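# Examining the three-dimensional arrangement
Each chain, written out:
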Amino acid sequence: MKIWLRMIAFAVLTALAMVLVACGGGGNSGGSSGGGQSSGPVTLEIGSKGEELAYDKTELRVAAGQTVTLRFKNNSAVQQHNWILVKGGDAEAAAIVNAGLTAGPAANYLPADKSNVLAESPLANGNETVEVTFTAPAAGTYIYICTVPGHYPLMQGKLIVTN
Ligand SMILES: [Cu+2]
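I will try to describe carefully the structure that is included in this document. (Residues numbered from 1 in each chain as written. Predicted model: local features only at pLDDT ≥ 70, side-chain atom pairs only at ≥ 80, totals over all residues. Heavy atoms only, no water.)

## Structural notes on the overall build of the protein chain
Let me state the cut-off plainly: Only DSSP runs of H or I with at least four residues qualify as helices, and only runs of E with at least two residues qualify as strands; both kinds are numbered from the N terminus onward. Relative accessibility thresholds used throughout: buried, under 20% of the residue-type maximum; exposed, over 50%; partly exposed, between the two (1.4 Å probe, protein chains only). Two residues qualify as a contact provided that any one of their heavy atoms is within 4.5 Å of a heavy atom in the partner residue.
When helices and strands are counted, the protein chain shows 2 helices and 8 strands. Secondary structure of the protein chain in N-to-C order comes out as α-β-β-β-β-α-β-β-β-β. The buried share of the protein chain, reckoned over its 163 residues, is 34%. When contacts within the protein chain are restricted to residue pairs at least 6 apart in sequence, long-range pairs at least 24 apart make up 70% of them.

What follows is the structure, encoded as structure tokens:
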């Protein structure tokens, strides 16, 4: 009987140890993704450059398919800004800005047709921080812009998406 009890106790302890190791291992691998295609979610921080019509970062990098949370801090006290990721180039960006002008602030200065808008932050008031989470598009170079009237083309940057 004692041998049986010992064997059961040993089995239970072994099972517990394996569970603990599995949990610890999972946590470790999650924290140390070494790049490549299996990149985990990422948070990018960007702000506006004081009272200038500019972002404080004009280049951001992510991996295709990566879940991206972009946190945008409006560092201006008086200006409104947003962060809009455009599908296309300067022509598409200008078209979005022009349509957004008519749409107004309630529509985040964006057209109703958002086929060329890949991601949009809410409109950030002075000293406000806003966020947007999106899936990084296919590899390539994309532009991000602010659609508040008069801010584009000054206020823009490049999002470089790698494989
Ligand atoms: Cu702006």
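## Overview of the environment of Met-155
Structurally, the position occupied by Met-155 is in the loop between strand S7 (140–145) and strand S8 (156–162). By relative accessible area, which is 0% here, Met-155 ends up buried. Sequence-wise, Met-155 and Ala-54 are 101 residues apart; in three dimensions their C-alpha atoms are separated by 4.4 Å.

## A look at the sheet that holds strand S3 (residues 67–73)
Quick reminder of the rule: At least two DSSP bridges between two strands are required for those strands to pair. A fitted line through C-alpha atoms serves as each axis, taken over the contacting stretch for helices, and the angle formed by two N-to-C directions is quoted from 0 to 180°.
The 3 strands are arranged S1-S3-S6 in an open sheet whose pairing can be described as mixed. A single partner strand is all that each edge strand has here, and the edge strands are strand S1 (42–47) and strand S6 (129–135). Adjacent strand axes in the sheet meet at a mean angle of 20°, parallel and antiparallel pairs treated alike. Note: S3 against S6, 7 bridges, orientation antiparallel. Counterpart to Thr-69 in the pairing with S6 is Thr-133.

## Let's talk about helix H2 (residues 90–103)
The condition that has to hold: A helix is expected to span 1.5 Å for every residue after the first. Each direction from the helix axis to a C-beta atom contributes to the arc, which is the arc of those directions.
The terminal C-alpha atoms of H2, which comprises 14 residues, lie 20 Å apart, in line with the 20 Å expected from a rise of 1.5 Å per residue. Turning to H2, its buried residues are Ala-93, Ile-96, Val-97 and Gly-100. The buried residues of H2 all sit within an arc of 100° when viewed along its axis, so they share a single face. In H2, the exposed residues that point more than 90 degrees away from the buried face are Ala-91, Asn-98, Leu-101 and Thr-102. Where H2 is buried, its residues contact strand S4 (84–86), strand S5 (117–120) and S7. Directly after H2, the chain includes Gly-104, whose backbone phi takes a positive value near 85°.

## Some points on the nonpolar core
What counts here: We define a nonpolar core as any set of buried Ala, Val, Leu, Ile, Met, Phe, Trp, Tyr and Cys residues linked to one another through side-chain atoms lying within 4.5 Å.
By size, the foremost hydrophobic cluster in this structure holds 25 residues, and its most contacted members are Leu-70, Phe-72 and Trp-83. With residues near it in sequence (within four places) discarded, Trp-83 still touches Ile-46, Tyr-55, Leu-60, Leu-70, Phe-72, Ala-119, Glu-120, Ser-121, Val-132, Phe-134, Tyr-144 and Ile-145. Core analysis: the next-biggest nonpolar cluster, separate from the first, contains 10 residues, Val-97, Leu-110, Val-117 and Ile-143 among them.

So, to be careful, I would describe these as geometric facts and stop short of saying anything about function.
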